[in-house]
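What follows is the residue order along each chain.
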Amino acid sequence: MALPVARMRSVVLDCPDPRALAEFYAEVLDGTVEGDGDWVDLHVPAGPRLAFQRAPEHKPPEWPRADADSQQLHLDLDAGDTVEAIEAAQEKVLALGARPLDVNDLNGKRDFRVYADPAGHPFCLCRIEHA
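Below is a summary of the structure that appears in this document. Throughout this description, residue numbers start from 1 for each chain and increase along the sequence as written. The predicted nature of this model means local features are confined to residues of pLDDT at least 70 and side-chain atom pairs, given and counted, to a pLDDT of 80 or more, with totals for whole chains, interfaces and linings taken over all residues. As a convention, hydrogens and water are excluded, and side-chain values are obtained from all of the structure's heavy atoms.

The next thing to look at is the pattern of salt bridges. Between Lys or Arg on one side and Asp or Glu on the other, a salt bridge is scored when a side-chain nitrogen of the former is within 4 Å of a carboxyl oxygen of the latter. Taken as a whole, this structure holds 5 salt bridges when the rule is applied. Where Arg19 meets Glu23, a salt bridge forms, and the shortest distance between an N and an O atom there is 2.8 Å. Of this pair, Arg19 and Glu23 both sit in helix H1 (residues 18-29), 4 residues apart, which is roughly one turn of the helix. Of the residues examined, Glu23 reaches a relative accessible area of 40% and is grouped as partly exposed. Ionic pairing is found between Asp38 and Arg54, a salt bridge with its closest N-O pair at 2.7 Å. Of the two residues, Asp38 sits in the loop between strand S2 (32-34) and strand S3 (39-43) while Arg54 sits in strand S4 (residues 49-54), which places them 16 residues apart along the sequence. Owing to a relative accessible area of 52%, Asp38 belongs among the exposed residues under this scheme. A helix here means a DSSP run of H or I that spans at least four residues, while a strand means a run of E at least two residues long, and both kinds are numbered starting from the N terminus. Three exposure classes are used, based on accessible area relative to the maximum for each residue type with a 1.4 Å probe and protein chains only: buried under 20%, partly exposed in between, and exposed over 50%.

The following block contains the structure:
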């Protein structure tokens, strides 16, 4: 087996207020926030580190678009294996400051719902069947 060229260190999101966005995701993912200022880390249990970098002129992507203002990336978050679990997670993320982008569940047949975090980055709450 070949050795990897590199290992995943973190996923970094640009935003106007790194500490505030890190605290939003800490509540969503039960993580621990470290740092302050222009760079803040979020350590999440059993997941990659998320980092938040100050970008004063940050312009959130428009969802869904496929042109110059398209989403550059989004996070898929496991919200459980039932529609009820996603609905409970939805209540919590909305109370924390998320904004719904596409929450039509198509009568329980769709496995995800899309939101924007407080800085405008898209993320999905996904229904994942656990084996």
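Bringing the side chain of Asp41 into the picture now. Along the chain, Asp41 falls in strand S3. Polar contacts, as counted here, are pairs of nitrogen or oxygen atoms within 3.5 Å of one another; within protein the pair requires one atom able to donate a hydrogen and one able to accept it, and residues that are adjacent in sequence qualify only if both atoms are side-chain atoms. For Asp41, the side chain forms a polar contact with the side chain of Trp39, separated by 3.0 Å. Setting aside residues no more than four positions away along its own chain, Asp41 makes contact with Thr32, Val33, Glu34, Arg49, Leu50 and Ala51. Note on contacts: a residue pair is in contact if any heavy atoms of the two residues lie within 4.5 Å.

With that settled, consider the sheet that holds strand S7 (residues 112-116). When DSSP finds two or more bridges between two strands, those strands count as paired. Taken in spatial order, the 4 strands make up an open sheet running S5-S8-S7-S6, and their pairing is mixed. For this open sheet the edge positions go to strand S5 (75-78) and strand S6 (99-102), each flanked by a neighbour on one side alone. When the angles between neighbouring strand axes are averaged without regard to direction, this sheet yields 35 degrees. Looking at chain direction, S6 and S7 are connected through 3 bridges and run antiparallel. Within S7, the position partnered with Arg99 by the bridge is Ala116. For helices, the fitted axis covers only the stretch in contact; all axes are lines through C-alpha atoms, and the angles between them, taken along N-to-C directions, range from 0 to 180 degrees. Packed onto the sheet, helix H2 (residues 83-95) meets S6, S7 and strand S8 (122-126) and runs at close to 5 degrees relative to S7.

For the rest of this paragraph, the subject is the nonpolar core. By convention a nonpolar core is built from buried Ala, Val, Leu, Ile, Met, Phe, Trp, Tyr and Cys residues, the set being connected through side-chain atoms within 4.5 Å. Ranked by size, the top nonpolar core spans 25 residues in total, and within it Tyr25, Leu42, Phe52, Leu75, Phe123 and Leu125 carry the most contacts. The set of elements that each furnish at least two residues to this core consists of strand S1 (10-15), H1, S3, S4, S5, H2 and S8. When residues in this core are grouped by element, the largest group, 5 residues, is from H1. Aside from chain neighbours lying at most four places away, what touches Leu42 is Ala22, Tyr25, Ala26, Gly31, Thr32, Val33, Arg49, Leu50 and Phe52.

Summarising the sheet, S2 and S3 pair through 3 bridges and their orientation is antiparallel. Each bridged residue has a counterpart across the sheet, and for Thr32 the counterpart in S3 is His43. What sits between S2 and S3 in their antiparallel hairpin is a turn of 4 residues, with Gly35 showing a positive phi close to 100 degrees. Taken together, the 4 bridges between S3 and S4 define a ladder with antiparallel strand orientation. Each bridged residue has a counterpart across the sheet, and for Leu42 the counterpart in S4 is Leu50.

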